[in-house]
Amino acid sequence: MREFSQTELLLELEPVVAGELDRHLKVAKEWFPHEYIPWSEGRDYDGVFGGEPWSPTDSAIPEEARISLIVNLLTEDNLPSYHHEIATTFGRDAAWGTWVHRWTAEEGRHGTAIRDYLTVTRAVDPVALERARMTHMGEGFTNAYEGVLHSLAYVSFQELATRISHRNTGKASQDPNCERLLAKIAADENLHMLFYRNLLNAAFQLTPSQTMRAVTDVVTTFQMPGTGIEGFTRKALVIANAGIYDLRLHLDDVLMPVLRQWAVFDMGGLDAEGEKAREELADFLARTEVTASRFVERREARRAAQTARA
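Residues numbered from 1 in each chain as written. Predicted model: local features only at pLDDT ≥ 70, side-chain atom pairs only at ≥ 80, totals over all residues. Heavy atoms only, no water.

(A) Broad picture of unusual backbone geometry. Positive phi, normally seen in glycine, also occurs at Arg 122, with a value near 60°. Along the chain, the position of Arg 122 falls in the loop between α4 (94–121) and α5 (126–139). Residue classification places Arg 122 among the buried residues on the basis of a relative accessible area of 1%. Phi at Gln 174 takes a positive value of approximately 60°, unusual for a residue other than glycine. With respect to the helices and strands, Gln 174 occurs in the loop between α6 (148–173) and α7 (176–206). On the basis of relative accessibility, which here comes to 65%, the residue Gln 174 falls in the exposed class. (Helix = DSSP H or I, 4+ residues; strand = E, 2+ residues; numbered from the N terminus. Buried < 20%, exposed > 50% of the residue type's maximum accessible area, 1.4 Å probe, protein only.)

As structure tokens, then:
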């Protein structure tokens, strides 16, 4: 079974891109970030307007939710790098190019809305946030995967992971305004996931073994695009311990639903390399199940101990 070149993949999948783009434009709802910001809560900061400096007591949002909001925003901030990567991989011609620019435009409002919310409500230190933005964007983002199939596999999982992270962050904030905003952003991410997931499903029909290899490579090495954020490991641990996004959620709510949608373990027509990739995928998922279960057990034990001490 021959492999398709990157140019062949772009050409063969272009009609699918056009169809998915039409579907997306029909279901995507226009919305405006400024309508989701409680502007009346805002007041001047210290500086040129002589207002009040930020204080941790300015907001009642729990610390773990603040950390998750910062991680989510800094991740969204790197949009220029993401645009460069997908435009380089998918091109800027025909339906591919139309999608690249549409996706970028929709993603652009996420960072705007989250930053406006955080600034107006004084949920985080705006000086520290700006310094973190400068540092993170100064590092940029480089796609860890080469080629159309690997890139499509990555964004299929990443968009869903981002959706779940936003939704759970909103709930953890204990602020209905924050939850409403992040639910709206999560709805965008879900539509983006559907676009990429359906496109990769078409790739499975076109070249199943080649696509299986790409999916396995991505699943077994997956990292969120915010991993380059300064102090990300510590922040990710806080977020995981709060149950906002952890390995259990990653396995149960991201990896498995998408893999089931593609029917990877029921798929026929694989050559020897494709079967090998599928076996590697199954082994990885089995190991991840064990690790995820252990993490949840230990977290629950820590919580029980903390409750007993209280």
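(B) Broad picture of empty space enclosed by the protein. In this structure the tally under the stated criterion is one cavity of 30 Å³ or more. The space that makes up the largest cavity amounts to roughly 260 Å³. If you trace the largest cavity, you find 20 residues lining it, with Tyr 82, Trp 103, Tyr 154, Val 155 and Gln 158 closest to the centre. Listing elements by their share of the lining of the largest cavity, those giving two or more residues are α2 (63–77), α3 (79–90), α4, α6 and α7. Looking at the lining of the largest cavity, the element that brings in the most residues is α6, giving six residues. By residue class, the composition of the lining of the largest cavity is nine nonpolar, six polar and five charged. (1 Å grid on protein atoms, 1.4 Å probe; cavity = no way out; pocket = protein on both sides within 12 Å on 5 of 7 lines; lining within 4 Å. Points joined across faces, edges and corners; volume = space filled by probe spheres on them. Nonpolar A, V, L, I, M, F, W, Y, C, P; charged D, E, K, R; others polar.)

(C) How the structure looks around the layout of surface pockets. Considered as a void within the structure, the largest pocket measures approximately 630 Å³ in volume. Together, 26 residues line the largest pocket, and Met 224, Thr 227, Phe 232, Ala 236 and Tyr 245 are the ones closest to its centre. Within the residue set of the lining of the largest pocket, elements represented by two or more residues are α2, α6, α9 (232–241), α10 (247–262) and α11 (272–309). When its residues are assigned to classes, the lining of the largest pocket shows 13 nonpolar, 11 polar and two charged.

(D) Quick look at α2. Here α2 contains 15 residues, and its C-alpha end-to-end distance of 21 Å stays within 8% of the 21 Å for a straight helix at 1.5 Å per residue. Extensive coverage of α2 is indicated by the burial of 12 of its 15 residues. Listed as buried for α2 are Ala 65, Arg 66, Ile 67, Ser 68, Leu 69, Val 71, Asn 72, Leu 73, Leu 74, Thr 75, Glu 76 and Asp 77. (Expected span 1.5 Å × (residues − 1).)

(E) View of the packing of α6 against α10. In contact at an axis separation of 10 Å, α6 and α10 are set at 140° when each is read in the N-to-C sense. Taken as axis vectors, α6 and α10 run oblique relative to one another. The two elements α6 and α10 meet at a crossing, and its hand is right-handed. Contacts between α6 and α10 involve Ser 156, Phe 157, Leu 160, Ala 161, Ile 164 and Asn 168 from the first element and Leu 249, Asp 253, Val 254, Leu 255, Val 258, Leu 259 and Trp 262 from the second. Its residues assigned to classes, the contact of α6 with α10 shows 10 nonpolar, two polar and one charged. (Axes fitted to C-alpha atoms, helices over the stretch in contact; angles between N-to-C directions. Parallel < 35°, antiparallel > 145°, perpendicular 65-115°, else oblique. Left-handed = near helix turned anticlockwise from the far one by under 90°. Contact = heavy atoms within 4.5 Å.)

(F) Local environment of the environment of Ala 113. Structurally, Ala 113 can be placed in helix α4. For Ala 113, a relative accessible area of 0% corresponds to the buried category. As for Ala 113 and Met 212, which are separated by 99 residues in sequence, their C-alpha atoms are 37 Å apart. In this view, Ala 113 contacts Trp 31, Pro 33, Ile 37 and Leu 181; residues no more than four positions away in its chain are not counted.

(G) Fine view of the pattern of salt bridges. Scanning the entire structure with this criterion turns up 15 salt bridges. Of the charged contacts, one joins Asp 58 and Arg 122 as a salt bridge, the two residues approaching to 3.1 Å between their closest N and O atoms. One end of the pair, Asp 58, is in the loop between α1 (6–27) and α2; the other, Arg 122, is in the loop between α4 and α5, with 64 residues separating them in the sequence. The residue Asp 77 makes a salt bridge to Arg 115 at a minimum N-O spacing of 2.8 Å. Linking Asp 77 in helix α2 with Arg 115 in helix α4, this pair joins segments that are 38 residues apart in sequence. Given a relative accessible area of 22%, Arg 115 falls into the partly exposed group. Residues joined in a network through salt bridges with shared partners are Arg 43, Glu 52, Asp 58 and Arg 122. (Salt bridge = Lys/Arg side-chain N within 4 Å of Asp/Glu carboxyl O.)

(H) Looking closely at α6. With 26 residues, α6 should reach 38 Å at 1.5 Å per residue; the first-to-last C-alpha distance of 37 Å fits that figure. Among the 26 residues in α6, 22 count as buried, and that is most of the element.

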